[in-house]
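The residues making up each chain are set out below.
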Amino acid sequence: METTATYTSFVAVGDSFTEGMSDLLPDGSYRGWADLLAARLADRSPGFRYANLAVRGKLIGQIVDEQVAPAAAMRADVVTLVGGLNDTLRPSCDMGRVRALLEEAVERLAPACGRLVLMRSPGRRGPVLERFRPRMEALFSYVDELAARHGALVVDLYGAEVLGDPRLWDVDRLHLTAEGHRRVAEAVWQALGLAPEEDWRAPLAPALRPPWLERRVGDLRFAREHLGPWIGRRLTGRSSGDGRPAKRPELLPYEAPAS
């Protein structure tokens with residue numbers, strides 16, 4: 001259902017997905033769905049303010065400790081919370097603890113904002129993530145439960161077949177491309193009740209399957225450049241976001257970046 005509501009402020013909370021990896025800009029920074037959504041909301045509301053507290057690699061406990069209180073204090077019209085998926089991808093994962101922390105985050109954010117938006121994160125098709133799918137789906141079921149209990153919106157990206165298409169994923173096979181982020185921005189836009197501009201679930205055009213050798217070369221490159229380092233960080237407890245600040249830590253007027 002479309003709404004005439006005006007959203008004057010937006011705070012994004014989460015990890016690399018919300019930071020915007022791998023929607024890479026020419027200057028080496030990341031844009032991502034949250035920035036795209038903020039730009040569109042700003043076009044509708046003069047003086048619109050935006051903060052993005054997300055940092056790559058963050059676990060749900062770190063999100064709760066570092067981002068939830070500042071986000072709640074901003075009293076924004078819209079807050080998005082996406083977290084917990086990094087926990088499910090760890091070699092060992094206490095799902096009970098993940099659920100408890102996610103519940104704490106929702107309980108603190110829901111009454112502090114006009115509209116809380118949760119997500120069932122997109123899942124790339126392929127063998128690498130298959131072993132983690134039961135954990136991921138358990139997490140998403142709990143997201144649904146929390147949303148129903150606290151009156152939050154849920155954007156079901158996981159259930160959108162097109163977002164499983166490998167062509168919408170970067171070479172690291174963990175983060176969406178620019179086109180993937182653009183579709184997520186449209187999905188959240190529509191979930192907020194704003195007039196659709198496109199069908200974000202529309203499938204991509206059919207593509208020819210690459211030759212066997214090309215696929216194997218791609219697999220080897222992925223293992224060497226991305227999978228190996230990722231496993232190393234998981235085993236040593238390190239994170240790609242260690243020491244990295246939030247991309248927009250304050251709720252300030254949004255200005256479109258210079259083109």
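Above this note sits the structure.
Draft legend 1. Examining the environment of His175 more closely. Mapped onto the elements of the fold, His175 is located in the loop between β5 (153-156) and α7 (178-191). Once the C-alpha coordinates of His175 and Gly20 are considered, the two residues, 155 residues apart in sequence, prove to be 8.4 Å apart. Residues within four places of His175 in sequence aside, it is in contact with Ser16, Met21, Ser22, Trp169 and Asp170. Within the local environment of His175, its side chain forms a polar contact with the side chain of Ser16, the two groups lying 2.8 Å apart.

Draft legend 2. Structural detail: the pattern of salt bridges. Per the counting criterion, the structure on display carries 15 salt bridges. Close ionic contact of Glu104 with Arg108 constitutes a salt bridge, the shortest N to O distance being 3.1 Å. Of this pair, Glu104 and Arg108 both sit in helix α5 (residues 95-109), separated by four residues, roughly a single helical turn. For Glu104, a relative accessible area of 31% translates into the label partly exposed. Between Asp165 and Arg167 there is a salt bridge; the shortest N-O distance is 2.9 Å.

Draft legend 3. Representation of the sheet that holds strand β3 (residues 78-82) in the model. Here we have six strands laid out as an open sheet, ordered β5-β4-β3-β1-β2-β6, and mixed in their pairing. Two strands close off the open sheet at either side, each with one partner strand: β5 and β6 (248-253). Ignoring which end each strand starts from, the neighbouring axes of this sheet average 15° apart. Two strands pair when backbone bridges link them, and strand β1 (residues 9-14) and strand β2 (residues 49-52) are joined in this way by four bridges, in the parallel orientation. Counterpart to Val11 in the pairing with β2 is Ala51. The strands that α5 touches are β3 and β4 (115-120); relative to β3, the one it contacts most, it runs at about 180°. Each of β4 and β5 is contacted by α7, which is oriented at about 145° to β5, the strand it contacts most.

Draft legend 4. Main features of the side chain of Ser9. Relative to the helices and strands, Ser9 is located in strand β1. Its relative accessible area of 1% is what places Ser9 among the buried residues. The residues contacting Ser9, other than those within four sequence positions of it, are Phe48, Arg49, Arg75, Ala76, Asp77, Val78 and Leu251.

Draft legend 5. Molecular detail of the pairing of β2. With three bridges connecting them, β2 and β6 associate as antiparallel partners. Looking at β6, one finds that Asn52 is bridged to Arg248.

Draft legend 6. Just the nonpolar core, in detail. Judged by nonpolar contacts, the single largest core of 40 residues is most densely connected at Val11, Val79, Leu81, Leu102, Leu109, Leu116 and Leu118. Of all the secondary structure elements, the ones that give two or more residues to this core are β1, α3 (60-73), β3, α5, β4 and α6 (133-150). In contact with Leu81, not counting residues within four places along its chain, are Val13, Ile63, Leu102, Ala105, Val106, Leu109, Leu116, Val117, Leu118 and Met119. Core analysis: the next-biggest nonpolar cluster, separate from the first, contains 34 residues, Ala160, Leu176, Leu192 and Leu194 among them.

Draft legend 7. Broad picture of helix α2 (residues 33-44). Compared with the 16 Å implied by 1.5 Å per residue over 12 residues, the 17 Å span of α2 between its first and last C-alpha is a close match. Burial analysis of α2 places nine of its 12 residues in the buried class, which makes it a mostly covered element. For α2, the full list of buried residues reads Trp33, Ala34, Asp35, Leu36, Leu37, Ala38, Arg40, Leu41 and Ala42. Against β1, α1 (16-19), β2, β3, β4 and α7 lie the buried residues of α2.

Calculation criteria
- For every chain, the first residue of the written sequence is number 1, and numbering continues from 1 onward in sequence order.
- Totals for whole chains, interfaces and linings use every residue, but because this is a predicted model, local features are given only for residues with pLDDT of at least 70 and side-chain atom pairs only at 80 or more, for both listing and counting.
- Where side-chain values are given, they derive from all heavy atoms of the structure, hydrogens and water being excluded.
- Under the scheme used here, helices are H or I runs from DSSP no shorter than 4 residues and strands are E runs no shorter than 2 residues, and both carry numbers assigned from the N terminus.
- Any two residues whose heavy atoms approach within 4.5 Å at even a single point are treated as in contact.
- Here a polar contact is recorded for every N or O atom pair within 3.5 Å, except that within protein the pair must consist of a potential hydrogen donor and a potential acceptor, and residues adjacent in sequence are included only if both atoms are side-chain atoms.
- What makes a salt bridge here is a side-chain nitrogen of Lys or Arg within 4 Å of a carboxyl oxygen of Asp or Glu, nothing more.
- Whether a residue is buried, partly exposed or exposed follows from its accessible area with a 1.4 Å probe, protein chains only, as a fraction of its type maximum: under 20%, in between, or over 50%, in that order.
- Here, strands pair whenever DSSP counts at least two bridges between them.
- Geometry is summarised by axes, namely lines fitted to C-alpha atoms with helices restricted to the contacting stretch, and by angles between N-to-C directions that run from 0 to 180 degrees.
- We define a nonpolar core as any set of buried Ala, Val, Leu, Ile, Met, Phe, Trp, Tyr and Cys residues linked to one another through side-chain atoms lying within 4.5 Å.
- Here the expected span of a helix is defined as 1.5 Å times the quantity of residues minus one.

Coordinates in, geometry out; function isn't part of it.
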